[in-house]
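Single-letter residue listing:
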Amino acid sequence: MGVVNVTPDSFSDGGTWLDPDKAIAHGLELASLGADIIDVGGESTRPGAQRVPIEDELHRVMPVVTALAQAGSYVSIDTMRAEVASRALAAGARMVNDVSGGLADREMPGVVAAAGVPYVVMHWRGHSADMYGPAVYTDVVAEVRAELGRRLRAVVAAGVDPDNIILDPGLGFAKLAEHNWTLLAHLGEIGRPEGYDRQFPVLVAASRKGFLGKLLAGSDGRPRSFARSDDATIALTALAVAAGAWCVRVHMVPGNLDAVRVATRWRQESATALTPADGSPRPFEAGAG
Ligand code: PMM
C-alpha cells in the first residue's frame, strides 16, 4: 500500500502532495512501481494535529481519488469520516482505511457495510491532539487485542462482513516506542483479537514513524530524520511480512516491494518446513490474504 498524504502537515511528507496534480502523479508513480493499493488521505494524524473541517478534507482528496480511480488504480480512502468515505467510494475508491476503527464517526461502519468493501479497523484511543495521554498500558498486547475485539464486534453488528475486515495495531497512535515494538513482536496475536477464533489479515504502517528514528538516534541522542529512516522501514517490512502481515503501508515503494517479495518467499518455505504433522493450520495461514 503506497501512501498519498494530501495534507500540509503530515509527519514525513506534509505539504509535498497538497497540489492535486502532484498528488495524482505521485499516486500513479507508486502504482507503476508496484503498489497494489494507493491510500489517499486528506487529514493529518501526526501527534498534536487538530481536526480539519470536512470541506477541506473533501476538497483535498476528491480530485485525487477520482483521477486515480479513473486511471484504474485500486484506491483506499484514509479517513475517519463517513461522509468522506461515502463520497470517495462513489468516486471509485474500493477500500476504507479508518484509523479510528469506527470510533470517530458512528456512521462509518454502516457506510462500509452498504458498500461491501474491505475495511481497515485500526486500534485507536482518541484524536491526535492528545496522542500520548492515553498511551498507558499494563499489557499492551492484551489491551490492544481486547479493544480491537470490541471494535470488531461493533462494526460487524453494524453490518460489516467479517471477511472484509483488516486489523491494524495502530503504531504510534496512543503508543510509545516500546509499545510499538512489543506489538510488532506479537503481530499474530493482533490478528486474533479477543473473542475471535479466526485469524484476520493485519496491516502494518510503520513507514518513517518516529519510533524508527528514535531507535536509530545518533550518539548525541538526536532521532534519525524520517528522510533517513527508509532503510529501517524496509527492514521492518521484511520482518513484518515474514511474521505474516498481509499488507504494509509505506511511503516509498521500491525497496519495500523487494522486502515483501523476499519475506513472502521466506515465509512460504518456512511454512512448508514447519507445517505440523497433524496438518493443523499455523498462525496466519488460516485467514491472511
Ligand atoms: N498512520 C498514519 C496514517 N494512516 N492508516 C493506518 N491504517 N495505520 C496507520 O498506522 C496510519 C494510517 C499516519 O502516518 P503518516 O503521516 O506517515 O501517513
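Provided above is the structure to which this section pertains.
So, how was this worked out
Residues numbered from 1 in each chain as written. Predicted model: local features only at pLDDT ≥ 70, side-chain atom pairs only at ≥ 80, totals over all residues. Heavy atoms only, no water. Helix = DSSP H or I, 4+ residues; strand = E, 2+ residues; numbered from the N terminus. Buried < 20%, exposed > 50% of the residue type's maximum accessible area, 1.4 Å probe, protein only. Areas by Shrake-Rupley, 256 points an atom, 1.4 Å probe, with all protein chains shown as cover. Lys, Arg positive; Asp, Glu negative; His and termini not counted. Charge placed at Lys NZ, Arg CZ, Asp CG, Glu CD. Axes fitted to C-alpha atoms, helices over the stretch in contact; angles between N-to-C directions. Left-handed = near helix turned anticlockwise from the far one by under 90°. Contact = heavy atoms within 4.5 Å. Nonpolar A, V, L, I, M, F, W, Y, C, P; charged D, E, K, R; others polar. Salt bridge = Lys/Arg side-chain N within 4 Å of Asp/Glu carboxyl O. Near = heavy atom within 4 Å. Polar contact = N/O pair within 3.5 Å; in protein donor to acceptor, adjacent residues only side chain to side chain. Pairing = 2+ DSSP bridges.

### Side note on the overall build of the chain
1) Next: A tally of helices and strands in the chain yields 10 helices and eight strands.
2) Next: Taking the principal axes of its C-alpha atoms as reference, the chain extends roughly 55 × 50 × 40 Å.
3) Next: Expressed as a percentage of the 289 residues in the chain, the buried residues total 49%.
4) Next: When the accessible surface of the chain is summed, it comes to about 12,600 Å², and 54% of that surface belongs to carbon and sulfur atoms.
5) Next: Of the side chains in the chain, 27 bear a positive and 34 a negative charge, and the two mean positions are spaced by 3 Å.

### Structural notes on the packing of helix H1 (residues 20-33) against helix H2 (residues 54-70)
1) Next: Where H1 contacts H2, the axes come no closer than 9 Å and their chain directions differ by 35°. Between H1 and H2 the crossing geometry is right-handed. On H2, the residues touching Pro20, Ala23, Ile24, Gly27 and Leu28 of H1 are Pro63, Val64, Ala67 and Leu68.
2) Next: Broken down by class, the residue content of the contact of H1 with H2 amounts to eight nonpolar, one polar and no charged.

### A short note on the pattern of salt bridges
1) Next: As enumerated under the stated definition, the model contains 10 salt bridges in all.
2) Next: Where Glu143 meets Arg125, a salt bridge forms, and the shortest distance between an N and an O atom there is 3.4 Å. Of this pair, Glu143 sits in helix H5 (residues 140-157) while Arg125 is found in the loop between strand E5 (119-122) and H5, placing the two residues 18 residues apart along the sequence.
3) Next: The class of Arg125 is partly exposed, set by a relative accessible area of 25%.
4) Next: Among the charged side chains, a salt-bridge network with shared partners connects Asp39, Asp78 and Arg249.

### Some thoughts on the site of the ligand
1) Next: Within the structure, the ligand sits among 16 residues, and Asn5, Asp78, Asn97, Asp168 and Lys209 are positioned closest to it.
2) Next: For the ligand, a nitrogen atom lies 2.9 Å from a polar atom in the side chain of Asp78.
3) Next: Bound to the protein, the ligand loses 96% of the 410 Å² it would expose on its own.
4) Next: Tallied by class, the residues present in the shell around the ligand amount to seven nonpolar, five polar and four charged.

### Quick notes on unusual backbone geometry
1) Next: Despite not being glycine, Ala174 has its phi angle at roughly 55°, a positive value.
2) Next: Mapped onto the elements of the fold, Ala174 is located in the loop between strand E6 (165-168) and helix H6 (177-184).
3) Next: The backbone phi angle of Arg208 is positive, close to 60°, even though this residue is not glycine.
4) Next: With respect to the helices and strands, the residue Arg208 is situated in the loop between strand E7 (203-204) and helix H8 (210-215).
5) Next: Residue Arg208 is classed as buried on the basis of its relative accessible area, which comes to 12%.

### Observations concerning the sheet that holds strand E2 (residues 38-41)
1) Next: On the basis of which strands lie adjacent, the open sheet formed by six strands has the order E1-E2-E3-E4-E5-E6 and parallel pairing. Each edge of the sheet is formed by a strand with only one pairing partner; in this case those strands are strand E1 (2-5) and E6. Within this sheet the neighbouring strands show an average axis-to-axis angle of 25°, counted without direction.
2) Next: Of the strand pairs in this sheet, E1 and E2 are connected by four bridges, and their pairing is parallel. Counterpart to Val4 in the pairing with E2 is Val40.
3) Next: Its contacts with the sheet place H1 against E1 and E2, and it is angled at close to 175° to E1.

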